[in-house]
Amino acid sequence: MKSKYWREGEPFVWGSGAALALILLLILTLLVVIFKNGLGVFWVSPLSHLEMQDGSKLMGEVVQSSVMSMRDEPRSQLKIANRDLYSLDFKWVSDKDIKQVTYPQDAILIERQEYGNFVGFLSSVTLLNQPSLPSGEYATLLAGLDDLKANMPELEAVKSQISDLNYRVESLDHKLAKLRFRGEEQGDDFQQLTMQKELLQTEFQTLVTTLNVLQARLMQNTARFTDASGTMLTIPLSAMVRVYKPNNLSFFAKVSLYLQKTRELFFDEPRESNTEGGLFPAIFGTVLLIIIMAIFSFPLGVIAGVYLREYARDGFMVRLVRIAVNNLAGIPSIVYGIFGLAFFIYGIGSSIDQIFFPAQLPAPTFGTGGILWASLTLGLLTIPVVIVSTEEALGAIPGGLRESSYALGATKFQTLTRILIPLASPGIMTGFILAMARAAGEVAPLMITGVVKLAPSLALDGQYPFFHLNRKFMHLGFHIYDIGFQSPNVEAAKPMVFVTTLLLIGIVIALASTAIFMRNRMKKKFAIAD
Amino acid sequence: MNKKLLKRNKFYDKLAHYVITIGGVAVILSVVAILVLIVRVSLPLFQPPTSEIVDHKITVTEPLAVIGLDDYQENVFTIDQKGVLSVFSLQGQETVPPVDLGINHDAHIIFTSRSRTEYSLLWDDGRLSVVGISFRPVFNAEGTRSIEPQIAMQGEYASLPTGSPLLQSFFATSVDEDAPGTVRVNLHQDNSVSIFRTSISESLFGDVEETDESFVIPAYFETISALALSEDGRQLYAGTGGGTLLHWDISAAPVLEDTVPAFKQPITALGMVFGSQSLAVGTADGSLTTWMGVRDSDQSTTKKLRRIHTLTSHDSPVVAILPSRRDKSLLSWSAKGELHLDHMTSERNLYNFALGSVSLASLNDRGKGLIALTATGVQLLKLHNPHPEVSFKTLFGKVWYENYDSPEYAWQSSSGSDDFEPKFSITPLLFGTIKGTIYAMLFALPLAIFGAVYVSQFAPPHLQQIIKPTVEVMASVPSVVIGFLIALMLAPFIETHLVALILCFLLVPLCFVGFLFLWHYGQRFKAIHEMKSGFEFLLVLPVILGGVLLSYYVSPFVENQFFAGNFTQYMFENIGATYDQRNCIIIAFGLGFCVIPLIFSISEDALSNVPSGLRHASLALGASRWQTAWRVVLPSASPGIFAGSMIGLGRAVGETMIILMATGNTPIMDWSIFNGMRTLSANIAVEIPEAPVDGTLYRVLFLCAVLLFGMTFIVNTGAELIRDRLRKKYAQY
């Protein structure tokens, strides 16, 4: 006979408890994996110097040690860096092949502009105009780098002048093309513009020469290194981003390096096909995308919500529309993307090109993916979220408030703007934040409407007319997809993917938590008002 | 009160009313426009082809051997039977002086054939001329375009010294860089076939050497009524008066590969379909079929000719079959002057003109212009059939494609070569979508619903207020993040620990049941008996973790003991199941993680909203807490739970990034959980950047979007309606 314990279904309670436990376990695992990997990327880990049984030597940081299964021996993955020497960044080493592990104090790690990190030992430094010689090669190297950094502004200034000139020549070209299109090739304007262009081009040439001279001078400052096995390598100082001795750092030095790298992440351009350096363009693109999206989507969503709740007469139509709006929230984002492609890019964009930029055709100006079209697509995608939350917020306001307002002689519009909207604003705000969180995380529609792996220039810069809404852009979410799945060296890109993931998930979770917190508070507030 | 102010207020109110109404209606309309637009883009796929007669002033006086039209439909060229090539504009003016292709002015052309842009003309004195005719746009200084004919004599072959007189002669140039050369195939009056091959080989020192070979195929016992030579000159097909199809491989000495007694009627016309993979056959009773070499079993290496497609029949014997140079379309006409344009893959009869009698006809290379010489003169038609390869059958049915051994559902939109047969079957994509969704829901539904039941029914209120928002926040985790984690972290892990995963499904429940028995036993002890309920899930957590760890540590032993040390290998050898690293297990995890918060949140809302009176009544009647939850609360909340599940389903159907990143995106149809798939959504994301605007692929992808839209629409609306009905049903509680 079944005991009471089983008959009452107590085990099922435990079963449903197990389901909840599994969900929480999954969430926990996800967060732990992301935070552990993402936060650890910038922390300096020691360089191990391995002497192998066969006499060869390796140096690098141990990335992971694992026992694959009972059959395999324990082994470790070593990030041996020096891509230009070994062509591989990583190496699996079987633990039983290792004779001895040491952590040499003078092992040096160089973050470079190209080929990833270098790991090895410093042997000599050659500086062109040596400052007052400090003692020791390492100190000389650091002094040389400081000197270089002092020269950098000059170089940067020339570079920015060049890009500025480039832009001016480009816009002149556009004007010339326009004149040519109108058939005014013989006109004074045309001659004048051609002259201007030639002037700019000579200026351009001089600047390029200056730049080359500067760069050549910097290239002469070099340092020689040896890797673990003794191979020599000369690296110009200008190719170095950061130099330090990982095994010889105090805790505070490590913290300071961590902060430096974090600063670089937020404010610098990416390097090495996006797998190193900063995320600035991607962060900028994501933020600008959301802002433009918000400009289009929020007012329209609120108007539609207000219309549905306050102005539309309740009936069959409104019910139909509600179903439609709920449905819209469920349409896959890729469908929005393909709609954006057909409607915004090939529809509106191509028409704009034909009307305003016929001279540039067949090269498209607005008839190709760009931040404006991507934002509009995302705007459409988030409108249902805003409509639903506006409606809910308005619906939650007790009817008495509305009637009191009317009773005092206020018009419908006055009631709306002075009573209802302020009361509903937390709810509407929640909708905005949820919409922003959704927009920040969507990638699929962007892939069709203009996101790129590397945008040459930002959509907002100092060049007239400042906003370049037709430009392509970078995005954090696409960055993850791109470097995690399309980069030639996925293993080396992983740390960057984790950092990007951490950043994106941080933004999204922060937005979503705020929204949910606000919603719950609003629920309570009106629960009392009822 | 100030009247002006009142008036102004009223004005603003009216204005706002209109603005808001217009705005609201516009937003809602624009939303409807999305569906309309994507449907509109995909609709031309199903529009019937149209044609329009082009006026012209071209008159033909001499009997013609060849007639043709350029790609811009501005020039018509003809070769009359005396060998004079003329090019006319549509106004009937000759744009270039006529070219006399003949040497002997008494000779007449008795047979013509075409391979690529080369026309071979067989004269009645046994000579063969090969002439290349093509047209090229030329821009002058003002930028106006004119079309210039390019006429090149490719070769002139003297009559054969011996053998019976010629009936037909074919010529082909090999464009294969490894084996360049030319082939000429002749059909003689005595029914024998002779082959002349010139191979050009380059020695190490750069000397070009030509080798000539010739072969004779002795007369077949049935009259050969038609011949066809592949464009590379390696395959020769013949049809006989007895209805037999013959196939020789003539890349070296001719080898008779195949003799197929195909028809009861005489074969009257043969033609190679563009790409020279398939052979089109027309017979005396007007039937039109295509044939292709197919391996009869997986092991065999030889291919046997088989009938693949049956196209629309003519009313009388087929006179000639000409392939389109753009796709797999075929132009054919019959003795009674019926002119057909059919597409091989889709078996669609695109055009069917009754022209009385047709002596010559030709499609231009773009396939958009048709010219025919009829009893009434030259007929010029502009064709508009942008998507001939699409039919309901090619989109959803099994189609026998070239180089396939059997009819299949296949998706392969593009390839390197021009003569590729595009495969646009949406079925594998629909299948992939459904497969991924089902596995994900199998994983997500029980977890989400039971989790929600626990939180709403058994957990203490202050825990509810922590757990629910936590899970809800998880709903906003971007899918690209989940995709990345499962594809780059979980997939390699599961690949090496597959046995551990399978053991988990066995050991975790075992541990759990064991724990329940222990707990039951433990009830005798006062401390355990009096423990506060509501924290069961925390107690279960270590049990689950224990089960997982146990499986992890036991799995190498199990794998060694039972599966010869490698489970995937063992599985492949014993059941023939292959294992992909990015498979449906991974997808189930990823999509499941994506939809669990959605389903959980909506279900939890529904469960919490059940009036507490119901619960209290049930408990008061002596029901246990589980009985109350299962028999009272859950049924009342079931509409909400159902709706949540449907919304989760809709999300899983349309999810793109997770699928894109964590499956191999191969469009295969296979229920195995160890393989990947390609879904509609991922297909759009993968293919749309490469799709030319308004091309067939572009429109088919929009059709995919329509289907996706439709699926989610049905699911969402269905959820809404069923929720309504269930709500009414349970309203009595």
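Residues numbered from 1 in each chain as written. Chains lettered and ligands numbered in written order. Predicted model: local features only at pLDDT ≥ 70, side-chain atom pairs only at ≥ 80, totals over all residues. Heavy atoms only, no water.

### Some thoughts on the overall build of chain A
Each helix and strand counted, chain A has 15 helices and 12 strands in total. Taken over C-alpha atoms, the radius of gyration comes to 30 Å for chain A, far larger than the 24 Å a tight globule of 530 residues would show. With respect to the three principal axes, the spread of C-alpha positions in chain A is 100 × 90 × 40 Å. When burial is assessed residue by residue, chain A has 48% of its 530 residues classed as buried. The contacts of chain A with a sequence gap of at least 6 include a subset with a gap of at least 24, amounting to 67%. Accessible surface, chain A: about 25,100 Å² in total, of which carbon and sulfur atoms supply 61%. Placing the 46 positive and 45 negative side-chain charges of chain A at their respective mean positions leaves the two points 9 Å apart. (Helix = DSSP H or I, 4+ residues; strand = E, 2+ residues; numbered from the N terminus. Rg over C-alpha atoms; globule rule 2.2 N^0.38 Å. Buried < 20%, exposed > 50% of the residue type's maximum accessible area, 1.4 Å probe, protein only. Contact = heavy atoms within 4.5 Å. Areas by Shrake-Rupley, 256 points an atom, 1.4 Å probe, with all protein chains shown as cover. Lys, Arg positive; Asp, Glu negative; His and termini not counted. Charge placed at Lys NZ, Arg CZ, Asp CG, Glu CD.)

### Things to note about the domain arrangement of chain B
Looking at chain B, the domain boundaries give domain 1 (3-46), domain 2 (63-159 + 366-380) and domain 3 (426-729). Computed from C-alpha atoms alone, the centre-to-centre distance between domain 2 of chain B and domain 3 of chain B is 67 Å. (Domains from an automatic or database assignment.)

### Focus on the interface of chain B and chain A
In this complex, chain B contributes 95 residues to the contact, which on the side of chain A involves 90 residues. Carbon and sulfur atoms supply 82% of the area buried between chain B and chain A, which totals about 8,100 Å² over both sides. When residues of chain B are sorted by the area they lose upon contact with chain A, Ile20, Ile34 and Phe484 of chain B head the list and together hold 7% of the total. Scanning the region where chain B abuts chain A turns up one salt bridge. A salt bridge links Glu10 of chain A to Arg625 of chain B; the nearest nitrogen and oxygen atoms lie 2.4 Å apart. The tally of links between chain B and chain A comes to six residue pairs in polar contact (both at pLDDT 80 or more). Considering each element in turn, the side of chain B that touches chain A owes the most residues, 18 residues, to helix 1 (residues 3-42) of chain B. (Buried area = accessible area lost by both parts, 1.4 Å probe. Salt bridge = Lys/Arg side-chain N within 4 Å of Asp/Glu carboxyl O. Polar contact = N/O pair within 3.5 Å; in protein donor to acceptor, adjacent residues only side chain to side chain.)

### Section: a nonpolar patch on the surface
Taken together, the side chains of Val287, Ile291, Ile295 and Phe296 of chain A make up a nonpolar region of the molecular surface, amounting to roughly 350 Å² of accessible area. The topology assignment puts Ile295 of chain A in helix 7 (residues 280-311). (Patch = residues over 30% accessible without salt bridge, like charges linked within 9 Å, V, L, I, M, F, W, Y side chains within 5 Å.)

### Considering the packing of helix 7 of chain A against helix 10 (residues 371-395) of chain A
The angle between the axes and the distance between the axes are what describe a pair of packed helices. Residues and elements named next belong to chain A. Where helix 7 contacts helix 10, the axes come no closer than 6 Å and their chain directions differ by 40°. What the angle tells us is that helix 7 and helix 10 run oblique. Of the two possible hands of crossing, helix 7 and helix 10 adopt the one that is right-handed. When the residues that make up the contact of helix 7 with helix 10 are grouped by side-chain class, the tally is 20 nonpolar, nine polar and three charged. (Axes fitted to C-alpha atoms, helices over the stretch in contact; angles between N-to-C directions. Parallel < 35°, antiparallel > 145°, perpendicular 65-115°, else oblique. Left-handed = near helix turned anticlockwise from the far one by under 90°. Nonpolar A, V, L, I, M, F, W, Y, C, P; charged D, E, K, R; others polar.)

### Focus: the side chain of Ser334 of chain B
In this fold, Ser334 of chain B is placed in strand 23 (residues 329-334). Once you skip the residues sitting within four places of it in the chain, Ser334 of chain B turns out to touch His314, Asp315, Ser316, Pro317, Val318 and Val319 of chain B.

### Things to note about the packing of aromatic side chains
Residue and element names in this part refer to chain A. A complete count under the given rule lists 42 aromatic pairs over all chains for this structure. Here Phe344 and Trp373 contribute two aromatic rings whose centre-to-centre distance is 5.9 Å and whose plane-to-plane angle is 5°, an arrangement assigned as stacked. With a gap of 29 residues between them, Phe344 in helix 9 (residues 333-356) and Trp373 in helix 10 connect regions that are remote in the sequence. In terms of burial, Phe344 and Trp373 fall into one category: buried. (Phe/Tyr/Trp six-rings, centres within 6.5 Å; stacked < 30°, edge-to-face > 60°.)

### A short note on unusual backbone geometry
All names here are of chain B. Although it is not a glycine, Asn403 sits at a positive phi angle of roughly 70°. For Asn403, the location among the structural elements is in the loop between helix 2 (392-396) and strand 29 (411-412). Even without being glycine, Asp694 reaches a positive phi, approximately 65°. Within the fold, Asp694 resides in the loop between helix 14 (680-687) and helix 15 (696-729). The exposure class assigned to Asp694 is partly exposed, which follows from its relative accessible area of 43%.

### Things to note about the pattern of salt bridges
Tallied over the entire structure, the rule returns 25 salt bridges over all chains. The partner of Asp605 of chain B in a salt bridge is Lys468 of chain B, with the nearest N and O atoms 2.7 Å apart. With Asp605 of chain B in helix 10 (residues 584-608) and Lys468 of chain B in helix 4 (residues 461-474), this residue pair connects regions lying 137 residues apart in the sequence. Residue class for Asp605 of chain B comes out partly exposed when judged on its relative accessible area of 31%. Between Arg651 of chain B and Glu655 of chain B there is a salt bridge; the shortest N-O distance is 3.8 Å. On the accessibility criterion, Arg651 of chain B (27% relative accessible area) is partly exposed. Take Glu655 of chain B: its relative accessible area is 7%, and that puts it in the buried class. Counted as one network, the salt bridges with shared partners bring together Glu111, Arg242, Lys261 and Glu264 of chain A.

### Thoughts on the side chain of Asp13 of chain B
Residue position: Asp13 of chain B is located in helix 1. The buried charged residue Asp13 of chain B lacks any salt bridge, with Lys14 of chain B as its nearest oppositely charged partner at 7.5 Å. Among the polar contacts made by the side chain of Asp13 of chain B, one reaches the main-chain amide nitrogen of Lys412 of chain A at a distance of 3.4 Å. Discounting chain neighbours no more than four positions away, the residues touching Asp13 of chain B are Thr411, Lys412 and Phe413 of chain A.

### Things to note about the domain arrangement of chain A
Residues and elements named next belong to chain A. Each assigned domain of chain A is listed with its residue range as follows: domain 1 (44-122 + 227-249), domain 2 (128-220) and domain 3 (280-529). Computed over C-alpha atoms, the centres of domain 2 and domain 3 are 39 Å apart. Counting residues at the interface gives seven residues for domain 2, matched by eight residues for domain 3. For the pairing of domain 2 and domain 3, the buried interface totals around 580 Å² over both sides, and the portion due to carbon and sulfur atoms is 59%. Its largest share of buried area at the contact with domain 3, domain 2 owes to Tyr167, His174 and Phe181, together 72% of the area lost on that side. At the boundary of domain 2 with domain 3, the tally comes to zero salt bridges. Our count for the contact surface shared by domain 2 and domain 3 stands at zero residue pairs in polar contact (both at pLDDT 80 or more). A class-by-class count of the residues in the side of domain 2 that touches domain 3 yields three nonpolar, two polar and two charged.

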